[in-house]
Amino acid sequence: MSHYKVLNDYISNLDITTITSERKQTLSPLVEYVQEKVSNGKSIRLNFICTHNSRRSHLSQIWAQTIAYHFGVRNVSCYSGGTEATALFPMVASTLANTGFEVQMLSEGKNPVYGIKFSENEHPVICLSKRMDDDFNPKSDFAAIMTCSQADEGCPFVPGAEKRIPITYDDPKAFDDTPQQAEKYSERSKQIATEMFYVFSKIQN
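It should be emphasised that the depicted structure is a prediction, and the values quoted were computed from it without experimental measurement.

### Looking at the packing of helix α3 (residues 56–70) against helix α4 (residues 90–99)
Between two packed helices, the angle of one axis relative to the other and the distance separating the axes together describe the packing.
Piece 1. α4 packs onto α3 with a crossing angle of 30° between their chain directions and a minimal axis gap of 10 Å. In this view, α3 runs roughly parallel relative to α4, as classed from their interaxial angle. Two packed elements cross with a definite hand, and for α3 against α4 that hand is right-handed. Where α3 abuts α4, its residues Leu59, Ile62 and Trp63 lie against Val92, Leu96 and Thr99.
Piece 2. Broken down by class, the residue content of the contact of α3 with α4 amounts to five nonpolar, one polar and no charged.

### Some thoughts on the sheet that holds strand β3 (residues 102–107)
Whether parallel or antiparallel, the strands of a sheet pair through hydrogen bonds between backbone atoms.
Piece 1. An order of β3-β4-β5 is seen for the three strands of this open sheet, with the pairing classed as antiparallel. Strands at the two margins of the open sheet, each flanked by one partner only, are β3 and β5 (125–127). Between one strand and the next, the sheet's axes are offset by a mean angle of 25°, whatever the strand orientation.
Piece 2. As judged from the three bridges shared by strand β4 (residues 113–117) and β5, these two strands associate in the antiparallel manner. The residue bridging Ile116 from the neighbouring strand is Val125, located in β5.

### Quick notes on the sheet that holds strand β6 (residues 142–146)
Piece 1. Sheet architecture is open: four strands sit in the order β2-β1-β6-β7, paired in parallel fashion. Of all the strands in the sheet, the pair left with one neighbour each is β2 (76–82) and β7 (161–166). Here the strands of the sheet are splayed against their neighbours by 25° on average, with no regard to which way each runs.
Piece 2. Looking at chain direction, strand β1 (residues 44–50) and β2 are connected through seven bridges and run parallel. By the bridge assignment, Arg45 is partnered in β2 with Ser77.
Piece 3. Lying on the sheet, helix α2 (residues 21–39) is in contact with β1, β6 and β7; it crosses β7 at an angle near 150°.

Criteria and cut-off values
Residues numbered from 1 in each chain as written. Predicted model: local features only at pLDDT ≥ 70, side-chain atom pairs only at ≥ 80, totals over all residues. Heavy atoms only, no water. Axes fitted to C-alpha atoms, helices over the stretch in contact; angles between N-to-C directions. Helix = DSSP H or I, 4+ residues; strand = E, 2+ residues; numbered from the N terminus. Parallel < 35°, antiparallel > 145°, perpendicular 65-115°, else oblique. Left-handed = near helix turned anticlockwise from the far one by under 90°. Contact = heavy atoms within 4.5 Å. Nonpolar A, V, L, I, M, F, W, Y, C, P; charged D, E, K, R; others polar. Pairing = 2+ DSSP bridges.

Written out as structure tokens, the structure is:
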């Protein structure tokens, strides 16, 4: 059995009928952005932005990259950043590991670096907390996807972004150090995965 069978089974069981019509409207600018790039044979760069680049933006970055690969949408590069840098919250890494990703800590310290792999033959997604304008991230020709309301309100302008798309998620941080922590992180991860599945399922290659 492939190491990634657990992940592939998880993806196959995502249920897009759980997405409300209101939420589909929120997702439609992202569908349009990706489709336009695909139709014109252009690279797709998506930078998921949140305040601390610690939870939702990383989950969105990883799921978007993974689901794009799942649907064979090529030339997709996903990034994440914050209005400030903190650290990837460890519960995010363990939530992804439980879903079937191969998670490696590449360096330790106050802002550890993780490699998160979704396929045997693809590069891992390199995850660390960074500002949205970090050198790690694209400088132009990208869509800025605002994953939290604070960043959405606090960054009316994202330098270099050709499109700014608010797709905000509730912060699982509210459940840190509570008995529901693991369940709530898993729930948020699944919501993001399901919505990215919906987005990329709409793309005509």
